[in-house]
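The lines below spell out each chain.
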Amino acid sequence: MGFTMGLNLLLLVAMVATNILSLYHLSSNIQSKPPAAPPVPDHLLHQLQTIRATINHLTRLHPPAPPSAKKSTVSIPSDLLLYTHLSPIASSCKDNPDLLYQYMNYTPFSLCPSDSSVAESLILRGCHPLPRRRCFSRTPSSIPTSLPKTPFSTLPEKALLWNSYTCKSFSCLSQSNPNMGFDMKVEQSRFLDYKSGLDLPIPQFIQLSKSSKSVIRLALDIGGGTGTFAAQMKLHNVTVVTTTMNLGAPYSETVALRGLVPLHVPLQQRLPVFDGVLDLVRCGHAVNRWIPVAMMEFLLFDIDRVLRGGGYLWLDHFFSKKADLDKVFQPLIWKLNYRKVKWAVENKNDASGVKNGEVYLTALLQKPLSR
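For clarity, every value in this text was computed on a predicted model and none was experimentally measured.

J.: Hey, could you go over the pattern of salt bridges for me, with residue numbers and the actual values?
T.: Tallied over the entire structure, the rule returns 16 salt bridges. For Arg305, the salt bridge goes to Asp275, with nearest N and O atoms at 2.7 Å. Here the residue Arg305 occupies a position in helix H11 (residues 293-306), and Asp275 occupies one in the loop between strand E3 (261-264) and strand E4 (278-283), the gap between them amounting to 30 residues. Note on Asp275: relative accessible area 37%, which makes it partly exposed. Residues Asp316 and Arg282 are paired through a salt bridge, measuring 3.1 Å at the closest nitrogen-oxygen approach. Here the residue Asp316 occupies a position in strand E5 (residues 307-321), and Arg282 occupies one in strand E4, the gap between them amounting to 34 residues. The pair Asp316 / Arg282 is uniform in exposure class, with both members buried.

This is how it looks when you write it as structure tokens:
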């Protein structure tokens, strides 16, 4: 019995000693904190968020089957997962997982889906540039025997795919709205003469630039529709690149058919041009009061970035409410400190303009030679 009590006492002492050592080790670990993990790079976070958003979307569409049920064969599009390892995906794509899934859900090495409307929707929501895809673009079944020789020749109907549009011909588009830019007889006379004080004919602009000893060779037309401004400037040996979006009509294809260069980019994207290389940037009807003020400010300063010293900013028929022009947009424009060559304001006399008290502004401003 004495031996048993001694053994029990020895075990109790060993247990107490072990606990004391454990507490000492724990307290020493708490006092010496491990070094913090390095931060995760932003671009990797964006891609992980995109993948997570897509996975969450797929989970909602296809909830996990019970253990006894057969496993679902639906998964994230393989090319979407592959592309995330090759190149960053625009962060705004994660906010539109439904559209992103639809756009990337295709069969590789086959014909691309007829989904230009999905691509446009993603771009307009900030998902740009779009992920690349490994599929073959669709082309018209019959190729026209000849393409237009001048920017104002009749456009061949069979030179593009019409399945994405309500109208199935250029004549239909011209009849629905002659001002859309698809009637070459109408477009041939645009930008050539005065119809109001808001107009700045191209011949006069060329003369103004020559008088100030400013050479015009390269230009960008933001929201240039079917490319008529670029077409008219081409006749003066000026190269103009036109930004377009196919909002219900084949604007990009039409610009290309006219022998001009379309850039399929949204207004919120940084201009894909190097710093200080352009002689002129023109802003058409796409630049107007519906653009948020902060975005408008970034756009103006991005234009300043790409213009060379002595280059021109041409705001053509910019419209806004009269009060907003005086209090918001005019001070915003003057932040650039450009020289005022032309500044014309007139009432916007259509139904919307009369109802909302809107006005048009046409301004030609010259960037200082040096800062």
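Moving on from the coordinates now.
J.: Lay out the state of the cysteines in plain terms, naming residues and giving numbers.
T.: A disulfide bridge is the covalent bond that connects two cysteines by way of their sulfur atoms. This model, assessed by the stated rule, comprises three disulfides. The disulfide partner of Cys93 is Cys127, and the gap between their sulfur atoms is 1.9 Å. The disulfide joining Cys93 to Cys127 has a torsion of about 85° about its S-S bond and is therefore right-handed. You can see Cys93 sitting in the loop between helix H3 (78-84) and helix H4 (97-104) and its partner Cys127 sitting in the loop between helix H5 (116-124) and helix H6 (170-176), a full 34 residues away along the chain. For the pair shown, Cys93 and Cys127 are each scored as buried. Here Cys112 connects covalently by a disulfide to Cys135, the sulfurs 2.0 Å from one another. Taking the sign of the torsion about the S-S bond as the criterion, the disulfide between Cys112 and Cys135, at about 95°, is right-handed. Placement of the pair is Cys112 in the loop between H4 and H5 and Cys135 in the loop between H5 and H6, with a sequence separation of 23 residues. You can call Cys135 buried: its relative accessible area is 16%. Regarding the disulfides, the protein chain carries the connectivity 1-3, 2-4, 5-6 under sequence-order numbering of its bonded cysteines.

J.: Mind laying out unusual backbone geometry, listing which residues take part and the relevant values?
T.: Cis geometry marks the peptide bond from His128 to Pro129, where omega comes out at 5°. Tracing the chain through its elements places Pro129 in the loop between H5 and H6. In the Ramachandran plot, Phe109 falls in the positive-phi region, its phi being about 65° despite a non-glycine side chain. Tracing the backbone shows Phe109 in the loop between H4 and H5. The exposure class assigned to Phe109 is exposed, which follows from its relative accessible area of 57%. Positive phi, normally seen in glycine, also occurs at His317, with a value near 55°. Tracing the chain through its elements places His317 in strand E5.

J.: Which residues make up the packing of H11 against helix H12 (residues 322-334), and what values do they have?
T.: Interaxial distance between H11 and H12 falls to 10 Å at its minimum, and their mutual angle equals 25°. When the axis of H11 is compared with that of H12, the two are roughly parallel. Taken as a pair, H11 and H12 cross one another with a handedness that is right-handed. Packed against H11, whose contacting residues are Val293, Met296, Glu297 and Leu300, the element H12 presents Val328, Phe329, Leu332 and Ile333 at the interface. Tallied by class, the residues present in the contact of H11 with H12 amount to seven nonpolar, no polar and one charged.

J.: Now, about the layout of surface pockets: what can you tell me, with residues and values included?
T.: When its volume is computed, the second largest pocket comes out at roughly 820 Å³. For the second largest pocket, the lining is made up of 31 residues, of which Ser116, Ser137, Arg138, Leu161 and Glu253 are closest to its centre. Secondary-structure elements contributing two or more residues to the lining of the second largest pocket are H5, helix H10 (251-257) and E3. Partitioning the lining of the second largest pocket into residue classes produces 15 nonpolar, 10 polar and six charged.

Definitions and limits used
- Within any chain, residue numbers begin from 1 and follow the written order of that chain's sequence.
- Reporting in this predicted model follows two pLDDT cut-offs: at least 70 for local features of residues, and 80 or more for side-chain atom pairs to be given and counted; totals over whole chains, interfaces and linings ignore these cut-offs and use all residues.
- Side-chain descriptors were evaluated using all non-hydrogen atoms of the structure, hydrogens and water having been removed beforehand.
- What counts as a salt bridge is simple: a side-chain nitrogen of Lys or Arg found within 4 Å of a carboxyl oxygen of Asp or Glu.
- Numbering of helices and strands runs from the N terminus; a helix is a DSSP stretch of H or I covering at least four residues, while a strand is a stretch of E covering at least two.
- Under the scheme applied here, a residue whose accessible area is under 20% of the maximum for its type counts as buried, over 50% as exposed, and between as partly exposed, the area being computed with a 1.4 Å probe on protein chains only.
- Here, two cysteine sulfur atoms that lie within 2.5 Å of each other are counted as a disulfide.
- Axis lines are fitted through C-alpha atoms, for helices just across the contact stretch, and the angle between N-to-C directions can take any value from 0 to 180 degrees.
- Oblique is the label for any angle not covered by the other classes, which are roughly parallel (under 35 degrees), roughly antiparallel (over 145) and roughly perpendicular (65 to 115).
- With the far helix as reference, a near helix turned anticlockwise by less than a right angle produces a left-handed crossing, and one turned clockwise produces a right-handed crossing.
- In what follows, residue pairs with any heavy atoms lying within 4.5 Å of each other are defined as contacts.
- Charged residues are taken to be Asp, Glu, Lys and Arg, nonpolar residues to be Ala, Val, Leu, Ile, Met, Phe, Trp, Tyr, Cys and Pro, and polar residues to be all remaining types, Gly included.
- As defined here, a cavity is a set of points on a 1 Å grid over the protein atoms alone where a 1.4 Å probe fits but cannot get out. A pocket is an open set with protein on both sides within 12 Å along at least five of seven lines, and residues line them when an atom is within 4 Å of a point.
- Grid points are joined across faces, edges and corners, and a volume is the space filled by probe spheres set on the points.

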